[in-house]
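Residue-level listing of the chains:
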Amino acid sequence: MTISPSEQPKDASATVGPASPLRGVGIGLGVAQGPVVRMVEPAAAPEYATSTLGAEAEYARVREAITAVADELAARAEAAGGAAQEVLEAQAMIAADPTLLDEVDDRINRGAIAEWAVYDAFAGFKATLEAAGGYLGERAADLDDIFQRVLARLQGVEVPGVPNPGHPFVLVARDLAPADTAILDLDQVLALVTIDGGPTSHTAILAREKGMVAIVGAADAAALNTGDTVIVDAASGLVTVNPTDTEKARATRRSTARLASSEAPLAPGALADGTPVPLLANLGKPTDAAAAVALGAEGVGLFRTEFLFLSTAQAPTVAQQRESYRALLDAFPKRKVVVRLLDAGADKPLPFLNDAHEENPALGLRGLRALRASNDILREQLTALAEADATTDADLWVMAPMVTTVEETAYFTALAREFGLRTAGVMIEVPASALLADRVLAHADFASIGTNDLTQYTMAADRMLNSMAGFQDPWHPAVLRLVGEVGAAGVRTGKPVGICGEAAADPLLAVVLVGLGATSLSMAPAALADVRHMLSRHTLDEARNLAGIALAASDAAGARQAAMAAAFAQPR
Ligand code: PEP
Ligand code: MG
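Residues numbered from 1 in each chain as written. Chains lettered and ligands numbered in written order. Predicted model: local features only at pLDDT ≥ 70, side-chain atom pairs only at ≥ 80, totals over all residues. Heavy atoms only, no water.

Participant: Just to check I follow, could you spell out helix 17 (residues 477-493) for this structure?
Facilitator: Residues that lie three or four places apart on an α-helix share one face, since the helix turns once every 3.6 residues. Taking 1.5 Å as the rise per residue, helix 17 with 17 residues should run 24 Å; its terminal C-alpha atoms sit 24 Å apart, in good agreement. Considered for burial, the residues of helix 17 that qualify are Pro-477, Val-479, Leu-480, Leu-482, Val-483, Gly-484, Val-486, Gly-487, Ala-489 and Gly-490. The first or second residue beyond helix 17 is Gly-494, which carries a positive phi of 70°. (Helix = DSSP H or I, 4+ residues; strand = E, 2+ residues; numbered from the N terminus. Expected span 1.5 Å × (residues − 1). Buried < 20%, exposed > 50% of the residue type's maximum accessible area, 1.4 Å probe, protein only.)

Written as structure tokens, this is what we have:
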């Protein structure tokens, strides 16, 4: 796809009021148009009332509602597949949790109506999960969605969630629950616009994974009504309300050109001046490898090994691990495959590596710290990787997660070499290791920047908290400056510096990251096409210029807008 100057999005630096166009954060480069349909909003919390039906009838109502919701979530899980399947399966299990049902029954026994009993029991359960923190804390937000589904069943009203108007539409919602995003029918939902949420919210991540045209965090979209016609332009982050025929025709040309380019043969990632920028895939299971190759992944930039073992209580055996790694490596003959050692803790707790309660697990025993504390598990993983490596001709690189100090870097890379692993590096996700990147790279063969955690630790904003989404934006110049430190250290030491956080999947930010010194980019495979396209439109000099513009801003929104205005002003 080529966006000609006349078709470029409007001046991205223009001030936008409540009138059209509305501004948000675009996911990818897609453009779509159609009639708005608003999402059904959740019902208000029910008031307490004493049952007139009697306890037995209330029990029966609750069981009918909860069973129907659990069955529906399980069916959606099966239909969804991928990352969404796991989220939905977890939701179905929560809905059917016997402890939760006991809590509801207890309130009914004391005379309450089913609606209030469910409401109060869910609220108590949610508080318990939130107090537990980590993975369980993350699941707490899902309870609201499950509760709304059960309540709608009990009240006999439309379930809040994605409507089905019987024609293709642009879905406008405050935000989407994972259950909703997962089952969106992409033949019907032409585009998604959310009022809340940021570029790294779960909605943005799932939208990217599904290759949807989406704009998140468009606060003024609250004024949109079902029946309005809109153009959703993710490349510029603008929603045009009631567009003119000319604007509609222009959007149609852009989406046709985009479709044609997605069917063109896949080329390796490169800038407009030919500078290669290998485009790699972030994977969590070997079975996802084929789809990534089909989308043009030139290798793997991040294989998250902990995803294989999130639900197991015991450490996996060497044999189990070896088979998984071998399956992965076999899918990428002669290609680079970067495997990350178990990143346990905080948002990804593994019971066999993190058993102690910590007040602040993101600042505790996680990543390489947790592996070092369980040296047997670390050694077993390196053994399994070395054994798998010996049987394939993929180019295996290994890296340690959450490396903070130079000493940790030296420890890990020496250990990996002891196991015969040729290429050993570290993830830079903590400001400390970014600031000392030249000393870190003196010991490591490469660095890979995890922008999700680097943003979390730079901005002191928990990446799991939706309420902190405004801070969790990798466009922030402070984060970019740290990336630039690592990029410059990579140039000085002659070592590769990859990016494997969500930031690499944002097409324009990807160009900026290359301008800051990144030598490869790794992302969810669905994002590869847009990133490949955006790289092909900028030379290295232009990328450096855009990086300078973004670094000079005072905040994330300013950096994004200034870079966008400059990028779209370029003649290509
Ligand atoms: C990151 O932190 O950016 C990263 C890639 O690792 P994860 O998201 O798995 O923590
Ligand atoms: Mg990380």
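Participant: When you look at the pattern of salt bridges in this model, what are you seeing that I'm missing?
Facilitator: Within the structure shown, the criterion is met by 36 salt bridges. A salt bridge links Glu-306 to Arg-340; the shortest N-O distance between them is 2.4 Å. Of this pair, Glu-306 sits in the loop between strand 10 (300-304) and helix 10 (318-330) while Arg-340 sits in strand 11 (residues 336-340); the two residues are 34 residues apart in sequence, bridging distant segments of the chain. Judged by its relative accessible area of 0%, Glu-306 falls in the buried class. Three or more residues are tied together by salt bridges with common partners; here these are Glu-306, Arg-340, Asp-343, Asp-347, Lys-348, Arg-366, Asp-453 and Arg-463. (Salt bridge = Lys/Arg side-chain N within 4 Å of Asp/Glu carboxyl O.)

Participant: Can you help me understand the site of ligand 1 in this one?
Facilitator: Looking at ligand 1, there are 14 residues lining it, with Arg-304, Lys-348, Glu-429, Asn-452 and Arg-463 nearest. Side-chain polar atom of Arg-340 to an oxygen atom of ligand 1: 2.9 Å apart, as the coordinates give it. Lys-348 places a polar side-chain atom, nitrogen or oxygen, 2.7 Å from an oxygen atom of ligand 1. The fraction of the free accessible surface of ligand 1 (290 Å²) that becomes covered by protein chains is 99%. Among the elements of the structure, strand 10 and helix 16 (451-459) are those that each provide at least two residues to the shell around ligand 1. In terms of residue count, helix 16 provides more of the shell around ligand 1 than any other element does, three residues in total. Its residues placed into classes, the shell around ligand 1 shows three nonpolar, four polar and seven charged. (Near = heavy atom within 4 Å. Polar contact = N/O pair within 3.5 Å; in protein donor to acceptor, adjacent residues only side chain to side chain. Areas by Shrake-Rupley, 256 points an atom, 1.4 Å probe, with all protein chains shown as cover. Nonpolar A, V, L, I, M, F, W, Y, C, P; charged D, E, K, R; others polar.)

Participant: Explain the pairing of strand 10 to me, please; I cannot follow it from the model alone.
Facilitator: Looking along a regular strand, one sees side chains alternate from face to face of the sheet. Of all the five residues making up strand 10, five are buried; the element is thus mostly covered by neighbouring parts of the structure. For strand 9 (residues 279-283) and strand 10, the ladder comprises three bridges, and the chain directions are parallel. Of the residues in strand 10, the one forming a bridge with Leu-283 is Phe-303. With helix 9 (residues 289-294) bridging strand 9 and its parallel neighbour strand 10, the resulting β-α-β unit is right-handed. (Pairing = 2+ DSSP bridges. Right-handed = clockwise from strand over helix to strand, strands pointing away.)

Participant: Any chance you could explain the packing of helix 16 against helix 17 here in plain terms?
Facilitator: Relative orientation and spacing of two packed helices are given, respectively, by the angle between their axes and the distance between those axes. At a closest axis distance of 9 Å, the pairing of helix 16 and helix 17 adopts a crossing angle of 120°. As far as their axial angle goes, helix 17 and helix 16 are oblique. Considering how the two elements wind past one another, helix 16 and helix 17 form a crossing that is right-handed. Of helix 17, the residues touching helix 16 (which contributes Leu-454, Thr-455, Thr-458 and Met-459) are Ala-478, Val-479, Leu-482 and Val-483. Classifying every residue of the contact of helix 16 with helix 17 by side-chain character gives six nonpolar, two polar and no charged. (Axes fitted to C-alpha atoms, helices over the stretch in contact; angles between N-to-C directions. Parallel < 35°, antiparallel > 145°, perpendicular 65-115°, else oblique. Left-handed = near helix turned anticlockwise from the far one by under 90°. Contact = heavy atoms within 4.5 Å.)

Participant: Sorry, what's going on with the nonpolar core here?
Facilitator: Generally speaking, nonpolar side chains in soluble globular proteins are found buried as a group. Of all hydrophobic cores here, the largest spans 96 residues; its most connected members are Leu-513 and Leu-521. Aside from chain neighbours lying at most four places away, what touches Leu-521 is Val-277, Pro-278, Leu-279, Leu-280, Ile-499, Ala-504, Ala-510, Leu-513, Val-514, Val-531 and Leu-535. The next biggest cluster of nonpolar side chains, apart from the first, holds 35 residues, and it includes Val-69, Ala-70, Leu-100 and Leu-143. (Core = buried A, V, L, I, M, F, W, Y, C linked by side-chain atoms within 4.5 Å.)

Participant: Looking at this model, I keep getting lost on the confidence of the model for the protein. Mind explaining?
Facilitator: Where the model shows low pLDDT, its predicted coordinates should not be examined in detail. Mean pLDDT for the protein: 90, with 94% of residues reaching 70 or above. A low-confidence stretch, residues 1-18 stays under pLDDT 50, and its non-local contacts, those more than four residues away or across chains, total 39 contacts. (pLDDT = per-residue confidence, 0-100.)

Participant: Please explain the sheet that holds strand 12 (residues 395-400) as it appears in this structure.
Facilitator: Strands belonging to one sheet form pairs held by backbone hydrogen bonds; the direction of such a pair is parallel or antiparallel. Read around the closed barrel, the eight strands follow the order 9-10-11-12-13-14-15-16; overall the barrel is parallel. Taken over all neighbouring pairs, the strand axes of this sheet differ in orientation by 25° on average, direction set aside. The strands that helix 19 (residues 528-536) touches are strand 9 and strand 16 (520-523); relative to strand 9, the one it contacts most, it runs at about 155°.

Participant: Please clarify how the packing of aromatic side chains should be interpreted in this entry.
Facilitator: For the coordinates displayed, the defined rule picks out four aromatic pairs. A ring pair is formed by Tyr-119 and Phe-147, whose centres lie 5.8 Å apart and whose planes are at 50°; its orientation type is tilted. Placement of Tyr-119 in helix 4 (residues 114-132) and of Phe-147 in helix 5 (residues 134-155) is noted, with a sequence separation of 28 residues between them. For Tyr-119, a relative accessible area of 29% corresponds to the partly exposed category. (Phe/Tyr/Trp six-rings, centres within 6.5 Å; stacked < 30°, edge-to-face > 60°.)

Participant: How should the domain arrangement of the protein be read in this particular structure?
Facilitator: Many authors give the size of an interface as the accessible area that is lost as the parts come together. Entries for the protein in the domain assignment read domain 1 (5-41 + 162-256), domain 2 (55-155) and domain 3 (279-569). The interface of domain 1 with domain 2 comprises eight residues on the first partner and eleven residues on the second. Summing both sides of the interface, domain 1 and domain 2 together bury roughly 680 Å²; the carbon and sulfur share of this comes to 69%. Between the two partners, domain 1 and domain 2, sit zero residue pairs in polar contact (both at pLDDT 80 or more). Counting residues per element, the side of domain 1 that touches domain 2 draws most heavily on helix 6 (residues 178-182), which supplies four residues. (Domains from an automatic or database assignment. Buried area = accessible area lost by both parts, 1.4 Å probe.)

Participant: So what exactly am I meant to see when it comes to the packing of helix 12 (residues 375-390) against helix 13 (residues 406-418) here?
Facilitator: In contact at an axis separation of 10 Å, helix 12 and helix 13 are set at 50° when each is read in the N-to-C sense. By the angle between their axes, helix 12 is oblique relative to helix 13. Crossing angle aside, the handedness with which helix 12 passes helix 13 is right-handed. Mapping the contact onto sequence places Asn-375, Leu-378, Arg-379 and Leu-382 in helix 12 and Tyr-411, Phe-412, Leu-415, Ala-416 and Glu-418 in helix 13.

Participant: So what exactly am I meant to see when it comes to the coordination of the magnesium ion (ligand 2) here?
Facilitator: Metal coordination angles have textbook ideals: 109.5 degrees for a tetrahedral set of four donors and 90 or 180 degrees for an octahedral set of six. Around the magnesium ion (ligand 2), the protein contributes the donor atoms Glu-429 (OE) and Asp-453 (OD), which lie 2.0 to 2.1 Å from the metal centre. Taken together, the residues Glu-429 in the loop between strand 13 (423-428) and helix 14 (431-435) and Asp-453 in helix 16 connect sequence positions 24 residues apart. What makes Glu-429 buried here is its relative accessible area of 2%. (Donors = N, O, S within 2.8 Å, 3.2 Å for Na, K, Ca; no water.)

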